[in-house]
Amino acid sequence: MGGPERVLRNIAVYSDRTEFDTRFFFIGSGGPYENEMRKMGFKVTVIPAKNGYSILMRMLLTRQIMDFHPDIIIDHGIPPFIRPILRITTKAHLITYEHGEIEVNKNRNKPW
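Heads up: these notes are all about the structure in this document. (Residues numbered from 1 in each chain as written. Predicted model: local features only at pLDDT ≥ 70, side-chain atom pairs only at ≥ 80, totals over all residues. Heavy atoms only, no water.)

Comments concerning the nonpolar core
It is characteristic of soluble globular proteins that their nonpolar side chains tend to be buried jointly. Counting residues in each nonpolar core, the largest one holds nine residues, listed as I47, M57, L61, I65, I73, I78, I82, L86 and A92. Of all the secondary-structure elements, those providing two or more residues to this core are helix 3 (55–68) and helix 4 (82–89). With three residues, the single largest contributor to this core is helix 3. Counting eight residues, the second-largest nonpolar core is a separate cluster that includes A12, F26, Y33 and M37. (Core = buried A, V, L, I, M, F, W, Y, C linked by side-chain atoms within 4.5 Å. Buried < 20%, exposed > 50% of the residue type's maximum accessible area, 1.4 Å probe, protein only. Helix = DSSP H or I, 4+ residues; strand = E, 2+ residues; numbered from the N terminus.)

A closer look at the pattern of salt bridges
Enumeration over the complete set of coordinates arrives at five salt bridges. R9 is paired through a salt bridge with E36; the nearest N and O atoms lie 2.4 Å apart. Residue R9 is found in helix 1 (residues 3–14), and its partner E36 is found in helix 2 (residues 31–39); the two are separated by 27 residues along the sequence. Residue class for R9 comes out partly exposed when judged on its relative accessible area of 25%. E36 gets classed as partly exposed once you look at its relative accessible area, which sits at 24%. Residues R38 and E34 are paired through a salt bridge, measuring 2.8 Å at the closest nitrogen-oxygen approach. Note that R38 and E34 are positioned in helix 2 at a spacing of four residues, about one turn of the helix. (Salt bridge = Lys/Arg side-chain N within 4 Å of Asp/Glu carboxyl O.)

Function cannot be inferred from these measures alone, as they are strictly geometric.
Here is the structure:
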């Protein structure tokens, strides 16, 4: 389990389920993380997609999230163009995790 997945798992495990309605949306096949969340009793939705460019997947994901009315969305590797759609269609705060290296400003030796 990677870093962002571990963070989400810990948020779910240690949050008060009487106060927070935590749900997980997976794009593609879901995988082992999906199974772990289901075993812990969380509501899980898997939205099938062969790639991140599927229009149908975008529509299904957006509809599911709009129906849920979340306050916070934490995403990791969300497909292109979904973030602007979520910003327009929900009032949720969006927290994003990405893979990759931090670019460093070589003049000041600080992250951009």
